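For reference, the chains in residue letters:
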4 protein chains.
Amino acid sequence: MFTAAVLGATGYAGIELVRLLNSHPEVEIKMLVSHSFVGKKISEVYPNFKGVLDLECEDLDVDKAAACDVVFTALPHGASKEVIPQLYNKGARIIDLSGDFRYDDADVYAKWYGEEHSSPEILKESVYGLCELHRDKIKNTRLVGNPGCYTTCSILGLAPLLANGIVKSDNIIVDAKSGVTGAGRSSALDYSFCECTENAKAYKIATHRHTSEIEQELSKLAGEEIMISFTPHLIPQKRGILSTMYANLKKDKTTEELIELYKEYYKDEYFVRVYDSGLPETNHVAGSNFVDIGLVVDTRLKRVVISSVIDNIGKGAAGQAVQNMNILLGLDEKTGLSGAGFYL
Amino acid sequence: MFTAAVLGATGYAGIELVRLLNSHPEVEIKMLVSHSFVGKKISEVYPNFKGVLDLECEDLDVDKAAACDVVFTALPHGASKEVIPQLYNKGARIIDLSGDFRYDDADVYAKWYGEEHSSPEILKESVYGLCELHRDKIKNTRLVGNPGCYTTCSILGLAPLLANGIVKSDNIIVDAKSGVTGAGRSSALDYSFCECTENAKAYKIATHRHTSEIEQELSKLAGEEIMISFTPHLIPQKRGILSTMYANLKKDKTTEELIELYKEYYKDEYFVRVYDSGLPETNHVAGSNFVDIGLVVDTRLKRVVISSVIDNIGKGAAGQAVQNMNILLGLDEKTGLSGAGFYL
Amino acid sequence: MFTAAVLGATGYAGIELVRLLNSHPEVEIKMLVSHSFVGKKISEVYPNFKGVLDLECEDLDVDKAAACDVVFTALPHGASKEVIPQLYNKGARIIDLSGDFRYDDADVYAKWYGEEHSSPEILKESVYGLCELHRDKIKNTRLVGNPGCYTTCSILGLAPLLANGIVKSDNIIVDAKSGVTGAGRSSALDYSFCECTENAKAYKIATHRHTSEIEQELSKLAGEEIMISFTPHLIPQKRGILSTMYANLKKDKTTEELIELYKEYYKDEYFVRVYDSGLPETNHVAGSNFVDIGLVVDTRLKRVVISSVIDNIGKGAAGQAVQNMNILLGLDEKTGLSGAGFYL
Amino acid sequence: MFTAAVLGATGYAGIELVRLLNSHPEVEIKMLVSHSFVGKKISEVYPNFKGVLDLECEDLDVDKAAACDVVFTALPHGASKEVIPQLYNKGARIIDLSGDFRYDDADVYAKWYGEEHSSPEILKESVYGLCELHRDKIKNTRLVGNPGCYTTCSILGLAPLLANGIVKSDNIIVDAKSGVTGAGRSSALDYSFCECTENAKAYKIATHRHTSEIEQELSKLAGEEIMISFTPHLIPQKRGILSTMYANLKKDKTTEELIELYKEYYKDEYFVRVYDSGLPETNHVAGSNFVDIGLVVDTRLKRVVISSVIDNIGKGAAGQAVQNMNILLGLDEKTGLSGAGFYL
């Protein structure tokens, strides 16, 4: 059995990680760190774990964490940047769910986060943990920058087009809708039940940080700089991201041709499901690590519209973190993740 | 007091009309037609009306309906096309909530509805009832084609840009999200609670009929043919449409400049509210006849992103129908519609 | 036109009051007090009011408030008890939405609120504002203790039985379910979207303060001391209270006989709707001032089960406050409240 | 590996069974029967299974089904009563999720279902599959009547009191709230999103069939005939049942004493979690096989109020069916069921 520590275990990404790890056949959770709940059992904070996992939350002990085979950091931005260098320097294998280690270029980070990166030398060692694209590099790193939820859904939905040079590089538009868990375990009024239910809104138009992650990866795939419009939306559900994406075709293509292209591109990927027809819905993937993709070519406009869905705290956070762990530890990538989602 | 008949009173658009008309100070509901509930009180079908309006639903009597000052038809497609010519020929003033009388050109109808228009001669007499754009023509018609929900939200969100030649005509994208009342009072499994809640999806990509309505109106505003990508989505709430729209600027403009342009364009419109800053949310307009609009210029991309919201059964159906009635009857356009929405 | 001030205008009960008063034909809102939003327009806090009511929120000026024809206080507990004596002593007519002025006996207040009442002499002057039961006294007071939401729903659901001596006084059980607006405009984690949606729970079993209000009123109706079990529950919706109540019959009665009794008891009450058959649902009353009641006699057990529903921020707070105002001001009790609820 | 057949695989209980069995380490699904979807892959009906389980649905072949180690029947009432005798006579081990084989006495069935039992001789062989109460009998039967959702939640919530003679037998009241999956995969208008969301209601007061199941089991536990009030409610969520139960104490007891009694009674039960303090919420058990119980003694009234929760399609249907299967097959009862629920 491998051992794992989860730092930030009582946030929503953290607790989904705990749920997945707890039923993972090759891993034992050794340590749950939660600044706010030191001394409380995880099952007191999340009663669904009562009798299932009654481990106590503790304060961070870097040595103890680093002694585990893998350390997950699901910490708020500020906390993360202090902790990770310490862990890294102790030799830990780290999967970080924050935005801090997702960039190839510290300047891009600085531009979108509004501050200099605090550990540019460690950033260089990190690998962007979008498993389907960077599996080989992930195997050989000790620090994985686990991708954002919007970004995972959007990049995988567009990758085959850009990798194959099918679409024009300008006018790529990503219109994404997220469930409320995407905001984390927040007591802000904006995320209260009465303000969220029966309500939908766009937010952070043209300024959301995930834009830069998507652009970084699409640019690498395309071999040229890609800039996109990215608009995130909040919709009244807990789990789920739905990205609707628009790109102009260089040459006429049919829907069938592009579906074939996607199926070929993802033919070895268990977690990416390309639809022969029809469109994916967020409840097809809720509670799972799958990415479901459908697409339609609008021949009138010589434009392709792609619709992809993930569970934002599954493949968009904790699920992909476990997938990264499986890669890091040399396990079958599907271990502990192969089941169907809830649907209901 | 003017008199009104509502045909199709027990559908969702119909019953919202009844709710609005029942509290309208200048109108009396004389007749509720519902094929499925003949002989039942409207308050038996919708118990919220118990003691408030206990009028019996009846079968259609064209003469009786035509004798009212205004007839609203909120009928299924098939029923509508038979009834309206009869009513029209009896001299009735009609506000039709179906898609049948929204087109300038019967060929466009035929193309998107997959069948010839059954009353092209009456279609010629009809006026597209988007009040803010066609108020003057509405005054002088007897047949208003009340606009679709997606279309109202999207056209008004884009109108100032096209009327002023601010954006390029290609690459206009409308990504719209709708609450489930948009599907009407349906018992289809797809609209059941367990299938809809915690779920979001795109549907009818590149083929939704509202595309043609939006294109018709934008083309008129622009003075050139406009073709758009229109993607409707279903999100888990009852009321509300949110359109997020993308268009490329011909020249550099700031967010502030475009907001100013919008405010000027809509300066006399009570029901259109342009945000100085921030973005609209569907609960800002739920239960009202308002259209709220926010926008952001993405200077990186020389692109404007507009976000507009309506209540799909308010301004997107019943509210606008009452607004059209007010115009037809020479009343103040705001009568019975001036209140704030529910928010909660 | 009468003038009104709303203290605590930006809470959920407050804003629903503002919504109702704004469309009330005989009242003008003169003053909105909100400690947290001084200097902001109400339409900046609740954008549904943009262009409809753009009055600025201000800090409390007791003289200015007391100069209005009626003052509504929808303040948190602490604030309320300081402000009301000042207003009362200036001669104001006050409708208080807190729990402070709902009791005949300061000792009962002390027992359930865990502290002595701060203004027992003013408490004596106040009238419990359950309009259907205390209309005559309300006319002659200057201080109305507007009832709680659970209490309004439960008392009116049981009143005919106790007033007519139909049921035994022990074993009365009130099991009540409330939407989340009942918790007010709260940013507590417990009321966040992700914690509330897809979730239901009982809370404060045997200790909820509304127990004492219900007992006070039922005891007066019965002419003997009544003690009840009252269990509140939180369910995942915004508006609505559903009380399911159980009482043992003294003598055999049929469902029909008791329905007849209820209809007779409430025959002059516009806002109480007794169902001939079937059971009420919260969406029958959402957005309205109605109380809907259904009942079934379980002849096996010689027990009656009553189900009553209200909108907790309508008849359970702001609606009843307006009804009380209508009584205080000598207006028709239905003024501004006669419409049907939203249903959708 | 044991083999299993699921009849009625495409209903909500059926598909949850498929989800659980698919990740069960000791069982292989050999056969999915669905009359409506013969020839379709289960993953076409429920796309969450795409790539996970792509087994085709087939029509019923009794011999093929009976050849499996266990057959689950999750069929509509009419279908069930024809199929089960055939399967039983072929020697199959059957776990039936309908109401048909839950009764000790065919007369009770006849009274509550309004028709004679069609296989009274087979009914005699069946065992009521409430695992915690009838484990020993379940081991030795070939036909388990898997309990209803309301009944599982309510019986387990009351069992310790009745088994220990703590409460009076009259005046036991069960007020239960259910999510909408309880109605099955239904396209009835009553279960449409727009009619269910933001809505709550009681239904079938004094007549719901589950009353008789609860009474049967409580009577056996108490050793005397118990008759209860049972009121089911529909609340706007997918999963979850919350039972709030009221019973009068024979002698004074404290909350702590009764909690101790419950903990002792359930000390060997993994799936029953008694709360030391606080009350259970449906999201503590959603997606799991747990029953969570909290209670409070109201000393004013000498009454205990118990609150218990389950996932209605988990422990209330598919989860308990798997638990029964584990017992039948001699496996550890927790196999495939030991994980925590979703919470989010």
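In the block above lies the structure referred to throughout.
Let us look at the structure shown here. Predicted, not measured: the structure shown is a model, and the values here were computed from it. (Residues numbered from 1 in each chain as written. Chains lettered and ligands numbered in written order. Predicted model: local features only at pLDDT ≥ 70, side-chain atom pairs only at ≥ 80, totals over all residues. Heavy atoms only, no water.)

Further remarks concern the pattern of salt bridges. According to the stated counting rule, one finds 92 salt bridges over all chains in the structure shown. Where A:Glu333 meets A:Arg135, a salt bridge forms, and the shortest distance between an N and an O atom there is 2.6 Å. Here A:Glu333, found in the segment after helix H12 (314-328), pairs with A:Arg135, found in helix H7 (residues 131-139); they are 198 residues apart in sequence, far enough to count as distant. You can call A:Arg135 partly exposed: its relative accessible area is 21%. With a shortest N-O distance of 2.3 Å, C:Asp276 and C:Lys263 are connected by a salt bridge. Within this pair, whereas C:Asp276 is found in the loop between strand E12 (272-274) and strand E13 (291-298), its partner C:Lys263 is found in helix H11 (residues 255-265), the two being separated by 13 residues in sequence. Given the relative accessible area of 52%, C:Asp276 is considered exposed. Classification of C:Lys263 as partly exposed rests on a relative accessible area of 30%. (Salt bridge = Lys/Arg side-chain N within 4 Å of Asp/Glu carboxyl O. Helix = DSSP H or I, 4+ residues; strand = E, 2+ residues; numbered from the N terminus. Buried < 20%, exposed > 50% of the residue type's maximum accessible area, 1.4 Å probe, protein only.)

Let us now look at the interface of chain C and chain D. Counting residues at the interface gives 47 residues for chain C and 47 residues for chain D. For the pair chain C and chain D, the summed buried area comes to about 4,100 Å², and 51% of that belongs to carbon and sulfur atoms. The three residues of chain C that bury the most area against chain D are C:Glu198, C:Ile205 and C:Arg300, which together make up 17% of that side's buried surface. D:Arg300 is the partner of C:Glu215 in a salt bridge, and the nearest nitrogen-oxygen pair spans 2.4 Å. For the pair chain C and chain D, the interface holds 35 residue pairs in polar contact (both at pLDDT 80 or more). Contributions of two or more residues to the side of chain C that touches chain D are made by strand E8 (172-178), helix H9 (193-196), strand E9 (201-202), helix H10 (210-222), strand E10 (228-234), strand E11 (241-248), E13 and strand E14 (303-310) of chain C. Ranked by residues supplied to the side of chain C that touches chain D, first place goes to E8(C) with five residues. (Contact = heavy atoms within 4.5 Å. Buried area = accessible area lost by both parts, 1.4 Å probe. Polar contact = N/O pair within 3.5 Å; in protein donor to acceptor, adjacent residues only side chain to side chain.)

Residues and elements named next belong to chain C. Two elements in contact, helix H7 (residues 131-139) and helix H12 (residues 314-328), have axes whose closest approach is 10 Å; the angle formed by their N-to-C orientations is 35 degrees. Two packed elements cross with a definite hand, and for H7 against H12 that hand is right-handed. Contacts between H7 and H12 involve Cys131, Glu132, Arg135, Ile138 and Lys139 from the former and Lys315, Gln320, Gln323, Asn324, Ile327 and Leu328 from the latter. A breakdown of the residues in the contact of H7 with H12 according to their chemical character gives four nonpolar, three polar and four charged. (Axes fitted to C-alpha atoms, helices over the stretch in contact; angles between N-to-C directions. Left-handed = near helix turned anticlockwise from the far one by under 90°. Nonpolar A, V, L, I, M, F, W, Y, C, P; charged D, E, K, R; others polar.)

The next thing to look at is the pairing of strand E14 (residues 303-310) of chain A. The side chains of a regular strand alternate, first on one face of the sheet and then on the other. Residues and elements named next belong to chain A. In terms of burial, E14 is largely enclosed, as eight of its eight residues are buried. Side chains Arg303, Val305, Ser307 and Val309 project from E14 onto one buried face, and the interleaved Val304, Ile306, Ser308 and Ile310 project onto a second face that is buried too. In the sheet, strand E11 (residues 241-248) pairs with E14 via eight bridges, with the strands oriented antiparallel. Each bridged residue has a counterpart across the sheet, and for leucine 242 the counterpart in E14 is valine 309. Pairing of strand E13 (residues 291-298) with E14 involves seven bridges; the strand directions are antiparallel. In the sheet register, valine 297 faces E14, and the bridge partner there is valine 304. Taking the residues that link successive antiparallel strands as the turn, the E13-E14 hairpin has four residues, and the phi of lysine 302 there is positive, at about 50 degrees. (Pairing = 2+ DSSP bridges.)

Before going further, it helps to spend a moment on the sheet that holds strand E12 (residues 272-274) of chain D. Residue and element names in this part refer to chain D. Judged by pairing direction, the sheet is mixed, and its seven strands sit side by side in the order E9-E10-E8-E11-E14-E13-E12 without closing on themselves. A single partner strand is all that each edge strand has here, and the edge strands are strand E9 (201-202) and E12. Across six bridges, strand E8 (residues 172-178) lies against strand E11 (residues 241-248) in antiparallel orientation. Paired with aspartate 175 across the two strands is threonine 244, which belongs to E11. Across the sheet, helix H11 (residues 255-265) lies against E12, strand E13 (291-298) and strand E14 (303-310), angled at about 155 degrees from E13, the strand it touches most.

Moving on, we come to the state of the cysteines. Within the structure shown, the criterion is met by zero disulfides over all chains. Cysteine B:Cys153 is unpaired, with the sulfur of B:Cys149 as its nearest cysteine sulfur at 8.9 Å. B:Cys153 gets classed as buried once you look at its relative accessible area, which sits at 0%. Of the cysteine sulfurs around D:Cys131, a residue in no disulfide, the closest is that of D:Cys153, at 15 Å. The exposure class of D:Cys131 is buried, given its relative accessible area of 0%. (Disulfide = S-S within 2.5 Å.)

Further remarks concern helix H1 (residues 12-22) of chain C. The element H1(C) is extensively covered by neighbouring structure, given that nine of its eleven residues are classed as buried. Of the positions making up H1(C), those classed as buried are C:Tyr12, C:Gly14, C:Ile15, C:Glu16, C:Leu17, C:Val18, C:Arg19, C:Leu20 and C:Leu21. Elements in contact with the buried residues of H1(C): helix H9 (193-196) of chain A together with strand E1 (2-7), strand E2 (27-33), helix H2 (42-45), strand E4 (70-73) and H12 of chain C.

Okay, the relation of the copies chain D and chain B next. For the pair chain D and chain B, the superposition axis carries a translation of 0.0 Å, the fit reaches an RMSD of 0.0 Å, and the rotation angle comes to 180 degrees. Both copies of the chain, as the preceding transformation shows, are related through a two-fold rotation axis. Mapped onto chain B, 100% of the interface residues of chain D again fall at the interface, so both copies present the same surface. (Least-squares fit on C-alpha atoms with pLDDT ≥ 70 in both.)

By a simple turn and slide, chain C fits onto chain D: the slide is 0.0 Å along the axis, the RMSD is 0.0 Å, and the turn is 180 degrees. The fraction of interface residues of chain C whose copies in chain D are also interface residues reaches 100%, indicating that both copies meet through the same surface.

Turning our attention to unusual backbone geometry. Of all residues except glycine, most have a negative phi; of all peptide bonds, most are trans. Its identity is not glycine, yet A:Asn171 carries a phi of approximately 65 degrees, on the positive side. With respect to the helices and strands, A:Asn171 occurs in the loop between helix H8 (149-163) and strand E8 (172-178). The buried category is assigned to A:Asn171, whose relative accessible area is 9%. Here B:Glu198, not a glycine, exhibits a phi torsion of approximately 55 degrees, which is positive. Along the chain, the position of B:Glu198 falls in the loop between helix H9 (193-196) and strand E9 (201-202).

Our next topic: the environment of C:Val27. Residues and elements named next belong to chain C. In this fold, valine 27 is placed in strand E2. The exposure class of valine 27 is buried, given its relative accessible area of 4%. Remark: the alpha-carbon pair of valine 27 and valine 108, spanning 81 residues in sequence, is separated by 35 Å. Other than its neighbours up to four places away in sequence, valine 27 contacts Met1, Phe2, Ala4, Leu21 and Met325.

Time to look at the side chain of D:Glu281. Take D:Glu281: it is sitting in the loop between E12 and E13. Here the side chain of D:Glu281 touches C:Asn199 through a polar contact of 2.9 Å, side chain to side chain. Ignoring any residue separated from it by four or fewer positions in sequence, one finds D:Glu281 in contact with C:Asn199, C:Ala200, C:Lys201 and D:Val309.

Residues and elements named next belong to chain A. In terms of burial, E13 is a largely internal element, seven of the eight residues being buried. Bridge count for strand E12 (residues 272-274) against E13 is three bridges, and the pairing is parallel. Across the sheet, the residue bridging to valine 274 is isoleucine 293, located in E13.

All names here are of chain A. In a regular helix each residue adds 1.5 Å, so 13 residues correspond to 18 Å; helix H4 (residues 77-89) covers 19 Å between its end C-alpha atoms and thus fits that length. Of all the bends in H4, the greatest, near 25 degrees, is centred on valine 83, and the proline proline 85 appears no more than four residues after it. Considering only its buried residues, H4 is in contact with strand E1 (2-7), helix H3 (62-66), strand E4 (70-73), strand E5 (94-96), helix H6 (120-125) and strand E7 (143-145). Positive phi appears at glycine 91, one or two residues downstream of H4, with a value of about 90 degrees. (Expected span 1.5 Å × (residues − 1). Bend = angle between axes of the 7 residues up to and from the residue.)

A word on the interface of chain D and chain B. Taken residue by residue, the interface counts 19 residues in chain D and 19 residues in chain B. Between chain D and chain B the total buried area reaches about 1,600 Å² when both faces are included, carbon and sulfur atoms providing 69% of it. When the area that chain D buries against chain B is broken down by residue, the three leading residues are D:Phe193, D:Cys194 and D:Lys238, summing to 41%. Counting across the chain D and chain B interface gives two salt bridges. Close ionic contact of D:Glu195 with B:Arg185 constitutes a salt bridge, the shortest N to O distance being 3.8 Å. The interface formed by chain D and chain B holds four residue pairs in polar contact (both at pLDDT 80 or more) in total. Of the residues forming the side of chain D that touches chain B, the biggest block, four residues, is contributed by helix H9 (residues 193-196) of chain D.

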